[in-house]
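A structural walkthrough
These are the residues of each chain, in order.
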Amino acid sequence: MHDDPTAAGRAFQVDLRGVVDLLARHLYSGPRVYVRELLQNGVDAITARRAVDPDAPATVRLRPGPGGTLEVTDSGVGLTPAQAEELLATVGRSSKRDLDLGLGREEFLGQFGIGLLSAFMVADEIELVSRSAVDPQAPPVRWVGYADGRYDLTVLPVGSVDVGSTVRLRARPDMDHWLTAETVVALAQEFGSLLPVDVAVEVPLPGDEGTAWRRVSEPVLPWRATYADDEERRAALAAYCERTLGFTPLAHIDLDVPLAGLSGVAYVLPTAVPPGAGSRHRVYLKRMLLGTQVEDLLPDWAFFVRCVVDTSVLRPTASREQLYTDDALLAAQEALAAQVRTWTVATLTSPSELSRDVVTTHHLALRSLAVVDDEVLDLTAQVLPFETTDGTQTLAQVRDDHGEVLHTTRVEDFRRVAPVARAQGMTIVNAGYVYDAELLARLARRPGWRVRELQARDVAQVLEPVEPHRELEVLDQVQAAREVVRPLDCDLVVRRFAPEQVPAVLLEDRDGRHESDVRRAVSEADDLWGGVLAGFAGADTEPARRLVLNDDNPTVRRLLAAAPDAPVLAAGVRSLYVTAVLLAGEPLRVREAELMNDAMGVLLEAGLPPASRVPDETQEDA
Ligand SMILES: Nc1ncnc2c1ncn2[C@@H]1O[C@H](COP(=O)(O)OP(=O)(O)OP(=O)(O)O)[C@@H](O)[C@H]1O
């Protein structure tokens, strides 16, 4: 019954074009990976042949030809006609899988049985001619796959080809640039430079002088090679970093995690990088490049190094561009982090030019490590530079000189009090930058440290009160001035302090600020909530900020000589307030900007002759 739609046990049909499209657009990062997949098949075939014949040759030869063709020949295990039929004609079939575990067998690069399809991203036709090394009786075979899903299989005469395989591609019309000698050399070098087999590309010599083979693979990993001494090794690894990562490192850190079959080098960047940029690394898997931007190899704090590593145990994702997250990867990450950390601690512990360079260049990374690591925290307190009101100092220096570390947690607070504190010989640490507040909070819990955030009263204490007679003299003016700033939730006092050039400072108390926020909420809340909140606000109704006028400053003295009700007094106080806000690095709110304009108008009015008396120069000239 042909028109009966019911069916059982029929095989799926696969639309090869759809699968190729899926690979090209969604799995692989682009057509370039076709070279990687061909190299990988050649290397795996050599591995399989060497398993039965350890002395078999190990070569992969790539020959870009005229008219957008490429021939890749390996001295690997080859295929019998029956294997070609079984393995090449079925998408997802692989000879490299461990059927018991459902995983790729450890010694092979490939595992998924889709790699060869990637060649359809650049070619409409893939030809594979092969002769088996394992079955000497089997004739050679020629298999041709087409992008529309058909294939041809031909058994060739015995003895017509050597053991191994040759893949031939003819570029699709718009894709021939992927198959030029220049591109193939670049891609083979990128993916295969660390392969342990002899990979070479045939390149044309200049001026029609024929062709030559250019070897692109290195027999030994650069960090495993033998060198005359440490200095030669250091120079060779630095040169390798310049070639592959594009920078000259400050130092290198050897990495070795035998359980993950992992070895390599972490290079310390020569310039600072912003935190959060993440760390991305160059990872090789069984010596084939997995990716140049592999994430998650090291924790966030390690953003000051870039690694080049090779692993024989960790697994790739299907795209072969990132590492698959499993227990083995997590264990490897932990071991790598420990190695970078050990190096960092050792470097910080022994003073040297290198440790100074690392501290200067990567202080942010060190700070980010110190907030999660007590040993590093103790070390950084000895060596990390902090901005203080007494110049750049380490936290240990501040503690040794003053017994405690007094700090602000916002840059504005630091700027606000710095001039006054400096003049009074107080040392205050600016902990307003990224990680610093966290770092100091953690340090406060360490034995032997007294760490405290600066309060307004700390500064107020060092400001000298004015003489009683002077206080009486300016009593009315101060009262009038207080009324001017009170609507801005600010109190006003007159004190004497150095330097005399600073006319006023604005002091702010964090606790006071919090209370004033609560008070504002109380006044806006309905009765029930108002009552609850009022309990938190406390009885004290002092404003959170205080404008301290400096009686040693000549401008302030002249201002306080004005009559209490003179418009110029109010205008002067307003402009001192606004200047103090700006000095503290705070943005002006709308109300404050308006005040500034009003004050400016009054001051100009007072200082300039009345408008009617301004001579009209244009008329005079005429
Ligand atoms: N050069 C070659 N020599 C011998 N056998 C080959 C060669 N190229 C491909 N094959 C056979 O064809 C099978 C399918 O290859 P394909 O590249 O599609 O997948 P794979 O290498 O098994 O896995 P992956 O998708 O992870 O690359 C391989 O498992 C292998 O048996």
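Scoring rules and cut-offs
Residues numbered from 1 in each chain as written. Predicted model: local features only at pLDDT ≥ 70, side-chain atom pairs only at ≥ 80, totals over all residues. Heavy atoms only, no water. Helix = DSSP H or I, 4+ residues; strand = E, 2+ residues; numbered from the N terminus. Buried < 20%, exposed > 50% of the residue type's maximum accessible area, 1.4 Å probe, protein only. Polar contact = N/O pair within 3.5 Å; in protein donor to acceptor, adjacent residues only side chain to side chain. Contact = heavy atoms within 4.5 Å. Core = buried A, V, L, I, M, F, W, Y, C linked by side-chain atoms within 4.5 Å. Domains from an automatic or database assignment. Salt bridge = Lys/Arg side-chain N within 4 Å of Asp/Glu carboxyl O. Pairing = 2+ DSSP bridges. Axes fitted to C-alpha atoms, helices over the stretch in contact; angles between N-to-C directions. Buried area = accessible area lost by both parts, 1.4 Å probe. Nonpolar A, V, L, I, M, F, W, Y, C, P; charged D, E, K, R; others polar.

1. Side note on the side chain of Ser279
Within the fold, Ser279 resides in the loop between strand 12 (262-268) and strand 13 (281-285). On the basis of relative accessibility, which here comes to 11%, the residue Ser279 falls in the buried class. Engagement of the side chain of Ser279 in a polar contact is seen with the side chain of His281, the distance being 3.0 Å. Sequence-distant contacts of Ser279, that is, excluding residues within four places in its chain, are made with Val294, Glu295, Asp296, Leu298, Pro299, Ala302, Phe303, Val305 and Arg306.

2. Focus: the nonpolar core
Nonpolar side chains in soluble globular proteins tend to be buried together. Tyr34, Leu39, Leu62 and Leu169 are the most contacted members of the largest nonpolar core, which totals 66 residues. Both domains that furnish three or more residues to this core are identified here as domain 1 (16-215) and domain 2 (230-348). In this view, Leu39 contacts Val60, Leu62, Ala188, Phe191, Gly192, Leu195, Val199 and Met288; residues no more than four positions away in its chain are not counted. Ala332, Ala365, Val398 and Val405 belong to the second largest nonpolar core, which has 55 residues in total.

3. Overview of unusual backbone geometry
Cis geometry marks the peptide bond from Ala498 to Pro499; its omega dihedral reads 0°. In the Ramachandran plot, Asp208 falls in the positive-phi region, its phi being about 55° despite a non-glycine side chain. Relative to the assigned elements, Asp208 resides in the loop between strand 9 (198-204) and strand 10 (211-215). Asp208 sits in the exposed class, given a relative accessible area of 81%.

4. Focus: the pattern of salt bridges
Per the counting criterion, the structure on display carries 34 salt bridges. Glu321 is paired through a salt bridge with Arg36; the nearest N and O atoms lie 3.9 Å apart. In this pair, Glu321 sits in the loop between strand 15 (305-311) and helix 6 (327-349) while Arg36 sits in helix 2 (residues 33-52), placing the two residues 285 residues apart along the sequence. Exposure remark for Arg36: the relative accessible area of 1% places this residue in the buried category. Here the salt bridges do not stand alone but share partners, grouping Arg63, Glu71, Glu127, Arg142, Arg168 and Glu202 into one network.

5. So, the sheet that holds strand 23 (residues 504-508)
Taken in spatial order, the four strands line up as 21-22-24-23 in an open sheet, and their pairing is mixed. What marks the edges here is a single partner per strand, and that holds for strand 21 (464-465) and strand 23. Pairing geometry for strand 23 and strand 24 (residues 545-550), over five bridges, is antiparallel. In the sheet register, Glu508 faces strand 24, and the bridge partner there is Arg545. Packing of helix 14 (residues 475-485) onto the sheet brings it into contact with strand 22 (490-496) and strand 24, and relative to strand 22 it is tilted by some 140°.

6. Let's talk about the environment of Pro274
Structurally, Pro274 can be placed in the loop between strand 12 and strand 13. Considering only alpha carbons, one finds Pro274 and Leu27, 247 residues apart in sequence, at a separation of 31 Å.

7. Topic: the domain arrangement of the chain
For the chain, the domain assignment lists domain 1 (16-215), domain 2 (230-348) and domain 3 (464-607). When each unit is reduced to the centre of its C-alpha atoms, the spacing between domain 1 and domain 2 is 30 Å. Both sides together, the interface formed by domain 1 and domain 2 hides about 1700 Å², and carbon and sulfur atoms give 56% of it. At the boundary of domain 1 and domain 2, one finds four residue pairs in polar contact (both at pLDDT 80 or more). Elements with a contribution of two residues or more to the side of domain 1 that touches domain 2: helix 2 and helix 4 (181-192). The dominant element in the side of domain 1 that touches domain 2, judged by the number of residues it contributes, is helix 2, at five residues. Of the residues belonging to the side of domain 1 that touches domain 2, the class tally is 12 nonpolar, five polar and six charged.

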